[in-house]
Amino acid sequence: MKDIKDLSPEEAAAELEYLAAEIAKADTAYYQNDDPYLSDADYDRLKHRNFDIEARFPYLTRADSPSKRVGAEVKSGFSKVTHRFPMLSLADVFSIGEVEDFIMGVKRFLNTSEEIAFMSEPKIDGLSFSARYEKGMFVQGATRGDGTTGEDITENLKTIGNLPLRISGAPEILEVRGEVYMSKADFFALNARYEQEGKKIFANPRNAAAGSLRQLDPSITAERKLSLFAYTWGEVSERVWDSQQDFFDHLRGWGFPTNPHNALCRNIREIEENFARLTEIRADLPYDIDGVVYKVNSIALQERLGFLTRTPRWAVAHKFPAEKALTRINNIRIQVGRTGALTPVADLEPITVGGVVVSHATLHNEDEVKRKDVRIGDTVIVQRAGDVIPQIVQVVAEKRPAESTPFEFPHFCPQCGAHAIREEDEAVRRCTGGLSCPAQAIERMIHFVSRDAFDIVGLGDKIIEDFYHEGIVKTPADIFTLEERNRGGDDLFAAGQGLHLERREGWGKKSVDNLFAAIRNKRKISLPRFIYALGIRQVGTATSLLIARHYGSFAQFMRDMQAKETGKLVAIDGIGSSMATDMVEFFHEPHNVDIVNRLLAQIEVEDFVDTTNYNTPLAGKTIVFTGTLQHLTRSEAKAKAQNAGAKVAGSVSKNTDYVVQGADAGSKAAKAAELGIKVVDEETFLQLLA
Ligand code: IVH
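Undergrad: Account for the sheet that holds strand S23 (residues 658-661), with residues named and values stated.
TA: Picture the strands of a sheet paired through backbone hydrogen bonds; they go either parallel or antiparallel. Strand order in the open sheet formed by 4 strands is S22-S21-S23-S24, with parallel pairing between adjacent strands. This sheet does not close on itself; its edge strands, each paired only once, are strand S22 (647-649) and strand S24 (678-681). Sheet twist, expressed as the mean angle between neighbouring strand axes with direction ignored, is 35°. Here strand S21 (residues 622-626) runs beside S22; their pairing, made up of 3 bridges, is parallel. In the strand pairing of S22, Ile 623 is matched with Val 648. Contacting S21, S23 and S24, helix H25 (residues 667-675) runs over the sheet at an angle of about 140° to S21. This element, helix H26 (residues 682-689), spans S21, S23 and S24 of the sheet and lies at about 95° to S24.

Below, the structure is given as structure tokens:
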């Protein structure tokens, strides 16, 4: 193989073309056919070669390059995609009787008494996508959205290994539609990791798939393992199939994954048999399904049948009943979260519901317990409606023990004994113990080291809990003195008084060294991460970034908060007054200030480096958006304006420089005219950005 530095551009282009094809072939073998023919090492060699050639000749990077499956740029909002053919939904039925009615209706409409063949397809519980191919190249991916307009998820879809990026022998224009899902195994693994890291877990694989696919940063989508099945089409330049079954054959030929349990049924008996079989294997399938879809097989008949408003007359979804089971409540526990929220949890006598053993159910909050009158000792109906965390549907009144008494929601924190109070307009009761409450202190520390905050690997939930209870780490600042205390200094060491973490069970010199290295690495931290790590109520990653961009330095931010100076804060688009109040309160709680100061003695918070390009016609200008834009979502337009150095305001005043007007603009445009402010359309705005 030629050294990359000796390649001519022509040779490089030829090799990139060869590599794209080879890697696509290997992907198909691996993802579609479960029959990989390349070793991982050989596969990686191809990928690296592709990467290295692109690094030397970036302008030769192909649209279908394997490198494009990950690492595309991060966007600030999704742009919209208008579906040329709407993405429809299906009518639901819940019994075989209703399926019979549906089939009767179809026959009546077609005025025939002959048997009609239906394609029976598992109804995948994920989220639907549309993938557009032009001349065999994948050019655009979209979510369903409201059926008419979805979001552009092109870059995200590219990261899904079993979506072909290039197909051959297909019509010039072809939109393939189907379902993106996360397998049960990958879902459990993801949640287990999130739990470890103290993050909010996903309720079910569908939510996890949706949350993973709709990521502005496609590299996050790439990390999550998603898959897809194709099952229908949108726009096509030439329909070369004449039945649903024929369409599936074509899909497979082009390299799309189709569900192996799709089956042609010639009559109602076969439909029934098929439904029974799927019901039986449902729990063992590696992904969730929530029913079975029946589609008239012949496209000619489908076309005759046509559509109702939002659903085709030629298809129906036969839904599985929600899975329920009876069990007993052994205890009602109160969990205390990072912000002190008390959450009631029912400990259940373990039971299998829909193939999954459940032993807890959330009771949400105080009112919910009262509304359902759930008591310890009650027999209850629990239900998993696709959700992993089961719900308590209702109490079985006849089975209530005679001595039972209503559950009394505590007014004191079960962890620290402090008062637990409920603000007037809030559903949750909160512990007022703040950081003197061990539960809150521990949860806050778990948050502090989590991925989007300090991201210290090696400090899992269990370790933080143990360290806290043993007095080794009481506040985040203690994390940064661990190494020194472990050594114990010469005197302490001689006296055997260091922490000696390496002597703990399950630890060793290597893991301790790794942990210290991970901690040392974080002695310098970016401003948005630091703000987020503090765990201020309502302040997530997006808000932290806004604050960082606005204040530039932590000192500035803290000074304003301590002076109760919230004017600048609430002027930031996206920050409201209730958030501002939470921030001010945070910096007026002496515990918090103490923690922050002790942290600042240990670490360095980097000032926020503004990457805004001030060299544009919009730099320093104030812009107001009004009406619906065609090419950009509002948040995307805002972010673009901000990146070009502009300020975005919510209302028109004499300080406004430009009003960008979309369709159906309202009073802002009129106000602008009144004040003599320049009104531009979206095209002009895009030009000003460039
Ligand atoms: S066909 C006009 N087939 O179910 C055809 N949908 O309730 C519309 N779904 O939005 C869809 N598996 O997200 C179809 N084999 C399958 C499906 C399926 C899952 C989902 C899809 C759709 C929803 C309709």
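Undergrad: Talk me through the packing of aromatic side chains; I want residue IDs and the actual numbers.
TA: Across all of its chains, the model carries 28 aromatic pairs by this definition. Between Trp 233 and Phe 247, the ring centres sit 4.6 Å apart and the planes meet at 65°, which makes this aromatic pair edge-to-face. Of this pair, Trp 233 sits in strand S8 (residues 227-236) while Phe 247 is found in helix H8 (residues 244-254), placing the two residues 14 residues apart along the sequence. Accessibility expressed as a relative area gives 17% for Trp 233, which makes it buried. By relative accessible area, which is 0% here, Phe 247 ends up buried. Here the aromatic cluster, defined as three or more aromatic residues joined through ring pairs, consists of Phe 448, Phe 454, Phe 480, Phe 530, Tyr 551, Phe 554, Phe 557, Phe 586 and Phe 587. Directly above the ring of Tyr 468 sits Lys 474, whose terminal nitrogen or CZ lies 4.1 Å from the centroid.

Undergrad: I'd like a rundown of the site of the ligand, residues and numbers included.
TA: Taken together, 14 residues form the shell around the ligand, and within it Glu 121, Ile 124, Glu 179, Tyr 231 and Lys 295 come nearest. In this structure, a nitrogen atom belonging to the ligand sits 2.8 Å away from a side-chain N or O atom of Glu 121. A distance of 3.2 Å separates an oxygen atom of the ligand from a polar atom in the side chain of Lys 123. At the level of elements, strand S3 (118-124) and strand S10 (289-296) are the ones that each hand at least two residues to the shell around the ligand.

Undergrad: So what's going on with helix H19 (residues 541-551)? Which residues, and what values?
TA: Residues Thr 543, Ser 544, Ile 547, Ala 548 and Tyr 551 constitute the buried set of H19. Here the buried residues of H19 occupy an arc of 135° about the axis, which is enough to place them on one side. On the buried face of H19, the contacting elements are helix H18 (527-533), helix H20 (554-562), helix H21 (567-571) and helix H22 (577-586). Just downstream of H19, Gly 552 is the residue with a positive phi angle, here 80°.

Undergrad: Account for the environment of Ser 183, naming residues and giving values.
TA: In this fold, Ser 183 is placed in the loop between strand S7 (173-181) and helix H5 (184-196). Classification of Ser 183 by relative accessible area gives buried; the value is 13%. Taking the C-alpha atoms as reference, Ser 183 lies 23 Å from Lys 68; in sequence the two are 115 residues apart.

Undergrad: Tell me about a negative patch on the surface, and name the residues and values.
TA: Together, Glu 98, Glu 100, Asp 101 and Glu 272 line one region of the surface with negative charge. The element contributing the most residues to the negative patch is helix H3 (residues 96-110), with 3 residues.

Undergrad: How would you sum up helix H17 (residues 509-521)? Please name residues and give values.
TA: An ideal rise of 1.5 Å per residue puts 18 Å on 13 residues; H17 measures up with 18 Å between its terminal C-alpha atoms. The set of residues buried in H17 consists of Val 512, Leu 515, Phe 516, Ala 518 and Ile 519. One side of H17 carries all its buried residues, which in axial view fall inside an arc of 160°. Residues of H17 that are exposed and point more than 90 degrees away from the buried face comprise Lys 509, Lys 510 and Asn 521. On its buried side, H17 packs onto helix H14 (476-479) and helix H15 (482-487).

Undergrad: Quick one: what's the story with unusual backbone geometry, residue by residue and with numbers?
TA: Residues other than glycine seldom take positive phi values, yet Asp 373 does so here, at roughly 50°. You can see Asp 373 is positioned in the loop between helix H11 (366-372) and strand S15 (379-384).

Undergrad: Kindly report on empty space enclosed by the protein, identifying the contributing residues and their values.
TA: Per the counting criterion, the structure on display carries 1 cavity of 30 Å³ or more. Volume-wise, the largest cavity comes out at about 80 Å³. Considering the residues around the largest cavity, the lining is formed by Val 81, Thr 82, His 83, Arg 84, Ser 130, Arg 132, Gln 140, Gly 141, Ala 142, Glu 175 and Arg 177. Of all the secondary-structure elements, those providing two or more residues to the lining of the largest cavity are strand S1 (80-82), strand S4 (127-134), strand S5 (137-143) and S7. The greatest single-element share of the lining of the largest cavity, amounting to 3 residues, is contributed by S5. Taken together, the residues of the lining of the largest cavity sort by class into 2 nonpolar, 5 polar and 4 charged.

Undergrad: For the packing of helix H12 (residues 438-448) against helix H13 (residues 461-469), give the residues involved together with the corresponding values.
TA: The contact between H12 and H13 brings their axes to 10 Å, and the two run at 135°. With respect to each other, H12 and H13 are oriented oblique. At the point where H12 passes H13, the crossing takes the right-handed sense. Only Asp 461, Ile 464, Glu 465, Tyr 468 and His 469 of H13 make contact with H12, whose side of the interface consists of Pro 438, Ala 441, Ile 442, Met 445 and Ile 446. The residue makeup of the contact of H12 with H13, split by class, is 7 nonpolar, 1 polar and 2 charged.

Undergrad: Quick one: what's the story with the pairing of S10, residue by residue and with numbers?
TA: Burial within S10 is extensive, with 8 of its 8 residues counted as buried. Strand direction decides the pairing type here: S3 and S10, joined by 7 bridges, are antiparallel. When the sheet's bridge partners are listed, Met 119 is paired in S10 with Lys 295. The sheet contact formed by S10 and strand S11 (residues 315-319) spans 5 bridges and is antiparallel. Looking across to S11, one finds that Lys 295 is bridged to Ala 315.

What counts as what
- Residues numbered from 1 in each chain as written.
- Predicted model: local features only at pLDDT ≥ 70, side-chain atom pairs only at ≥ 80, totals over all residues.
- Heavy atoms only, no water.
- Pairing = 2+ DSSP bridges.
- Helix = DSSP H or I, 4+ residues; strand = E, 2+ residues; numbered from the N terminus.
- Axes fitted to C-alpha atoms, helices over the stretch in contact; angles between N-to-C directions.
- Contact = heavy atoms within 4.5 Å.
- Phe/Tyr/Trp six-rings, centres within 6.5 Å; stacked < 30°, edge-to-face > 60°.
- Buried < 20%, exposed > 50% of the residue type's maximum accessible area, 1.4 Å probe, protein only.
- Lys NZ or Arg CZ within 6 Å of the ring centre and 35° of its normal.
- Near = heavy atom within 4 Å.
- Polar contact = N/O pair within 3.5 Å; in protein donor to acceptor, adjacent residues only side chain to side chain.
- Arc of directions from axis to C-beta.
- Patch = residues over 30% accessible without salt bridge, like charges linked within 9 Å, V, L, I, M, F, W, Y side chains within 5 Å.
- Areas by Shrake-Rupley, 256 points an atom, 1.4 Å probe, with all protein chains shown as cover.
- Salt bridge = Lys/Arg side-chain N within 4 Å of Asp/Glu carboxyl O.
- Lys, Arg positive; Asp, Glu negative; His and termini not counted.
- Charge placed at Lys NZ, Arg CZ, Asp CG, Glu CD.
- Expected span 1.5 Å × (residues − 1).
- 1 Å grid on protein atoms, 1.4 Å probe; cavity = no way out; pocket = protein on both sides within 12 Å on 5 of 7 lines; lining within 4 Å.
- Points joined across faces, edges and corners; volume = space filled by probe spheres on them.
- Nonpolar A, V, L, I, M, F, W, Y, C, P; charged D, E, K, R; others polar.
- Parallel < 35°, antiparallel > 145°, perpendicular 65-115°, else oblique.
- Left-handed = near helix turned anticlockwise from the far one by under 90°.

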